[in-house]
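Below, each chain spelled out in residue letters.
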Amino acid sequence: MISTARKVIVWTAVVAACIAAGYFGGKTLSGIMENKDIKIENGVLSPEVLLSLGRLSDPQISPDGKNILYGVSHISIKDNSSCRNLFICNADGSGKVQLTRYAESVNCARWSKDGDTIYFLKGGQLWKAPYKGGRLGKKVKLSDVPAGISDYKISPDGCQILYVSSIPGPVKSPADFDPALDKAKAYVADNLMYRHWDHWVTETPRTFISTMVNGTITPDNSFDILGSGEPAYELPTEPFGGAEQLDWAPDSRHIAYSCRKHVGKEYAFSTNSCIYLYDILTGGTVAVTEKGGYDTDPVWNADGTRLAWISMERDGYEADRQRLMVADINILEPEEEGQNFGMEVGAVRELTTGFEYDVEGLFWDGDDLIFPSTIDGVTALCRVNAVSGGIERLTPEDWWLGFGTPFFCDKSESGMILLTSYQSMEFPTELVKVSIPSDGKAFYAQLTDENGHILSQLQGIHQEQIFIPTPEGEQLQCWVLYPEGFDGKSTFPAIEMFNGGPQSTMAQDWSYRWNFRMMCQQGYVVILPNRHGNGGFGQAWKEQISGDYQGLNMQDYILAGKWAKSQGWCGKLAGVGASYGGFSVYNMMGLHGDLFDCFIAHAGIFNEKQLWYTTEEAWFGNWDNGGLMEYSYKEGQTGPAGDGITFGGMQQAGAPYADVAKSRHHYANDPESRITKWHTPILCIHGMMDFRIPYEQGMAAFNAAQMMGVPSKLIIFPEENHWILQPQNALFWHREFFGWLDQWMR
C-alpha cells in the first residue's frame, strides 16, 4: 500500500467530491459518469485521480468541416465499469456540447453524408439519431443482429453498410456434438490457434454487407464478404482488428480489405495478410498483394484511382519495418449493358524506401499521404507525395509530443492546417490543431481540455533527454523524468522502466497503467531507456534484439542503471516492466549483481521453452527466439524433415528442438537458467486470461523466488488478460505496485 504520508490526495476529500459528482456511484441522475468535482489536496497524481480522468477517443469531422464529433469514457470504481458518451465541438475547439447521457456506452459514432444524422453502436447494435443545433433527437434502432455488431462503415453514398459480426469458430463445445449436453462445459480443438489473446476461439470475426434503406439490418438481409463456402478466415484479423481493415471505394461499390487467409497451424505461424479488392454486386475479388508479411489499413484516395496501405515485407516477422505502399487502381467500365465491372491493379510501389522508421497510420490529402511515425522517441507527422515521393517531416524535432493520424486537412496559399489528436508523458489524449505555414515555423493549438480542471491542480515534472555511450560506439537515448522539488542535491529513489514488445518504444505517450508522470509524482526519478530493439531509432537498432534477448538490450539496461547510480542524487533503484519487460526483469534478477534494489514483473516470460508450447501466436517466437527465417510450410508432412528446422512440414527454426545456434543459445540462457543467482526482492503479477504469456509463467517465477529464499509476492488476477482493464483491479494493481516500491525503496 502507499504509505499515509505518500497519499497523493486526502481520501476523505476525494470521497466527498466523487459522491457529489456521482463518480463512485458510477452514474449521475442523467446517466453519465463524471469527474467534474475532483479536488487534489497536495498537487500529486494518485492512482485514484489517474483513473478518474476522462478518456477521449475517435474524433470524426462533420461533412462540412465545421464540427468534431468524439467520445469520452469515464469509469466508476464502485460499479467496476466504464461508460462512454458523445460530445461535439466546433472545429476550433469552441462550443463543446455533450450529445448523449446514456448509462450504456456509445461507440463508433459516424456522421451521415449530409451531416443531419449521427450513427452509433450501443449494446452491440446500430442506432441513429437526428442531429440539429448541437442536439441529438430521438434514437432509432437500425439492426437486429444476434451475434452483435462490433464495428462498421457506411458507404459514401449512404446506402450500404459493412459491419463486423461473427460466425462459429473452430473451437467446439459439447453441445456442438450433442445438443442435449447444453450444460456441459469443455473446449474441443483439432488444430492450432484454438485460443487468442484472452479468449478461446469459439467465434470468428467476419464482415457482412447490408443495405441501409430496406428496413432493419438482420443476418437474413446481409451477406458475408468472404462467402459461406470459404474456410473460417478472420475478417478483420484478431485480436485487435476492426473496420479500419476495410475501406469503401468512393463509388460505394468496391471495398478494399486486409485478410490473412490462413487457418489452423498455418495461421499460427504466418503473418501474411494481403490486400484484396471486392465488388459487392458481383462478388468478384482481386488480390492486390499476395506475398510477404502484414499488409494492413487500406485507404482509398478521393477519386478511387489509388489505394494506400501499410506493409511488412517478411512473412513471420511481426516487427518488420512498416512501409507505405500505393497501387494504381483502375475500375473498368462495362463495354455493354449487363457486363460486370472489372478491377485492374496497376503499379504497386513503396513510397518510404530509405525511410528507417515505421508508418503508423494513413491520411490522404490530394496526392499527398500524411502519416505519424515515431522518430527518436517522439511521434511526428510526416508527408509524402504519391506521385513524386520525397518524405517531409511536418512537426519539429523539439516537439516532445505524440501525434495521432490526422482526421482533417485544410490547405490554402498560406499553408496547411491539420486536425488530429496528441498526448505526451504529461497529459492524456486531446484534440489539437497543427498549423504548417508556407513560409514560417509550425505551431499547434490544443482544441479540447477534457482533464484540464484536474491536471491544473497537479505539480509539474521536469523531463530531459540524455544519451549514454555504449561499448559498441552507439548512443543509448533515455528519457529521464524528475519530480517537483528535485534539485540534484537531495537523495531520490529511481525507477528504471523495462519496456515490452520487445520492439516498442519509450515515446511521448500516456498510459493508464505504466504512467510515468504518476511514478514521478510519487517522488521517484523515472528512467526510460530506448534500448536495442526499440522502434524509432532505425530498423537496424530495432532488429538487433531478435535472437539476442540476453545480449545488448540487457547491457543497455545495466548502462542506464549504472548511470543513475553514478548520479549523486540516486539512492535506491528499482527495475520494473511488463511482457518482454517482465522477461527483462526475470532475466536481470540473475544478471545485475547488486545494481537494483527491487523488481516488479507484470505478465513476464520466465521459461522460454514452456512458453513455446503454450503461447498462441507461434510466429513470434519462431522468429525472435533465434529462428530469423520467413514462413515456410509443406502440407502433409509428419515429424522432422532432417534439416534441423522443418517439423511437420512447418519451418520452426525458433523452436527449442531446432538445430539452430541462436535458438539453442536463446533457450539455454532464459531467466529460469539463472535462478540460483536470484537475491533481490520481486513482485510477480499476472492475469489468468493472458493467453499470450500464460499465467503459469508468473507462478513459476514466484515459486523460484520462494525456493531461493528471496522476498517475493505473487498477485494473480483471475479475470484479466495481458493488461489490467477492470477499474477496481486497476486501482488494486497501482496500490500494490507503489506499495512494493515504498517497502523496498524508502
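None of the values given here were measured: they were computed from a predicted structure. (Residues numbered from 1 in each chain as written. Predicted model: local features only at pLDDT ≥ 70, side-chain atom pairs only at ≥ 80, totals over all residues. Heavy atoms only, no water.)

Undergrad: Looking at this structure, how should I read the overall build of the protein chain?
TA: Within the protein chain, the secondary structure is distributed over 14 helices and 42 strands. Taken against the 2.2 N^0.38 rule, which gives 27 Å for 746 residues, the C-alpha radius of gyration of the protein chain at 26 Å falls within 12% of a compact globule. Seen along its three principal axes, the alpha-carbon backbone of the protein chain occupies a region of about 80 × 70 × 65 Å. In the protein chain, which comprises 746 residues, the proportion classed as buried is 58%. (Helix = DSSP H or I, 4+ residues; strand = E, 2+ residues; numbered from the N terminus. Rg over C-alpha atoms; globule rule 2.2 N^0.38 Å. Buried < 20%, exposed > 50% of the residue type's maximum accessible area, 1.4 Å probe, protein only.)

Undergrad: Just to check I follow, could you spell out the sheet that holds strand β4 (residues 97-98) for this structure?
TA: Working definition: the strands of a sheet are paired by backbone hydrogen bonds and lie parallel or antiparallel to each other. One open sheet holds the four strands; their spatial order is β1-β2-β3-β4, and the pairing between them is antiparallel. Only two strands of the sheet have a single partner each, and these edge strands are β1 (55-61) and β4. The pairing of strand β2 (residues 67-76) with strand β3 (residues 81-90) spans ten bridges and is antiparallel. Residue pairing across strands places S76 opposite S81, the latter belonging to β3. (Pairing = 2+ DSSP bridges.)

Undergrad: Explain helix α13 (residues 696-707) here, please?
TA: In an α-helix, one full turn covers 3.6 residues, which means residues spaced three or four apart are oriented alike. With twelve residues, α13 extends 16 Å between its outermost C-alpha atoms, agreeing within 8% with the 16 Å of an ideal straight helix rising 1.5 Å per residue. Among the residues making up α13, those that are buried are Q697, G698, A701, F702, A704 and A705. All buried residues of α13 project into a common sector of 155° when viewed along the axis, lining one side. Its buried side turned inward, α13 meets α9 (580-589), α10 (608-614), β41 (682-687) and β42 (712-717). Of the residues trailing α13, G709 is marked for its positive phi of about 75°. (Expected span 1.5 Å × (residues − 1). Arc of directions from axis to C-beta. Contact = heavy atoms within 4.5 Å.)

Undergrad: Help me out: how do you make sense of the side chain of H254 in this one?
TA: By the secondary structure assignment, H254 is in strand β17 (residues 254-259). Classification of H254 as buried rests on a relative accessible area of 1%. Within polar-contact distance, the side chain of H254 engages the side chain of D251 at 2.7 Å. (Polar contact = N/O pair within 3.5 Å; in protein donor to acceptor, adjacent residues only side chain to side chain.)

Undergrad: Honestly, helix α14 (residues 727-745) in this entry has me stumped. Any pointers?
TA: Between its first and last C-alpha, α14 extends 27 Å over 19 residues, near the 27 Å set by a 1.5 Å rise per residue. Burial of α14 is extensive: 14 of the 19 residues sit out of reach of the surface.

Undergrad: What am I meant to see in the pairing of strand β10 (residues 151-154) here?
TA: Two faces, one strand: in a regular strand the side chains alternate between the faces of the sheet. Relative to strand β11 (residues 160-168), β10 runs antiparallel, the two sharing four bridges. Bridge pairing links I154 to I161 in β11.

Undergrad: Would you take a moment to explain the environment of G535 for this structure?
TA: Tracing the chain through its elements places G535 in the loop between β36 (525-529) and α7 (539-543). Residues G535 and E356, spaced 179 residues apart in sequence, show a C-alpha to C-alpha distance of 9.7 Å. Discounting chain neighbours no more than four positions away, the residues touching G535 are Q503, S504, T505 and K542.

Undergrad: What is the right way to read the nonpolar core from this model?
TA: Note on soluble globular proteins: their nonpolar side chains tend to be buried together. Membership of the largest hydrophobic core comes to 64 residues, with the highest contact counts inside it found for L481, W514, F516, L528, F737 and L741. Of all the elements, α14 adds the most residues to this core, at eight residues. For W514, the contacting residues outside a window of four places in its chain are M497, M519, V576, G577, A578, H602, W733 and F737. (Core = buried A, V, L, I, M, F, W, Y, C linked by side-chain atoms within 4.5 Å.)

Undergrad: What am I meant to see in the layout of surface pockets here?
TA: Rolling a probe over the atoms, with the probe sized like a water molecule, indicates the empty space that remains. If you add up the space inside the second largest pocket, you get close to 320 Å³. Every residue lining the second largest pocket is counted, 17 residues in all, and those nearest its centre are L192, W612, Y613, T615 and A618. Contributions of two or more residues to the lining of the second largest pocket are made by α4 (264-269) and α10. Residue composition of the lining of the second largest pocket, by class: ten nonpolar, four polar and three charged. (1 Å grid on protein atoms, 1.4 Å probe; cavity = no way out; pocket = protein on both sides within 12 Å on 5 of 7 lines; lining within 4 Å. Points joined across faces, edges and corners; volume = space filled by probe spheres on them. Nonpolar A, V, L, I, M, F, W, Y, C, P; charged D, E, K, R; others polar.)

Undergrad: How do you make sense of the sheet that holds strand β38 (residues 598-602) when you look at a structure like this?
TA: An order of β33-β34-β36-β35-β37-β38-β41-β42 is seen for the eight strands of this open sheet, with the pairing classed as mixed. The sheet terminates laterally at β33 (461-469) and β42, the two strands that pair on one side only. Direction aside, the axes of adjacent strands within the sheet are offset by 20° on average. Alignment of β33 against strand β34 (residues 475-483), held across nine bridges, turns out to be antiparallel. Counterpart to I466 in the pairing with β34 is C478. Each of β35 (492-498), β37 (570-578), β38, β41 and β42 is contacted by α14, which is oriented at about 160° to β38, the strand it contacts most. (Axes fitted to C-alpha atoms, helices over the stretch in contact; angles between N-to-C directions.)

Undergrad: When you look at the side chain of S421 in this model, what are you seeing that I'm missing?
TA: Structurally, S421 is set in strand β30 (residues 415-423). For S421, a relative accessible area of 19% translates into the label buried. What S421 contacts, discounting residues up to four positions off in sequence, is G402, F403, G404, T429, E430, L431 and V432.

Undergrad: In this structure, what is going on with unusual backbone geometry? I would like to understand it.
TA: Negative phi is the rule for most residues except glycine; trans is the rule for most peptide bonds. Of the consecutive residues E238 and P239, the connecting peptide bond is found in the cis state with omega at 0°. Here P239 shows up in the loop between β15 (222-224) and β16 (246-248). Here the residue pair G501 and P502 is connected by a cis peptide bond, since its omega of 5° sits within 30 degrees of zero. Among the secondary structure elements, P502 is positioned in the loop between β35 and α6 (516-521). Within the chain, S579 stands out as a residue other than glycine whose phi angle is a positive 65°. Mapped onto the secondary structure, S579 falls in the loop between β37 and α9.

Undergrad: Before we go on, may I ask you to explain the confidence of the model for the protein chain in this structure?
TA: Reading fine detail from the predicted coordinates is not recommended where pLDDT is low. Across the protein chain, pLDDT averages 94, with 94% of residues at or above 70. Ignoring residues within four places in sequence, the model shows residues 1-32, a span with pLDDT below 50, making 85 contacts including any to other chains. (pLDDT = per-residue confidence, 0-100.)

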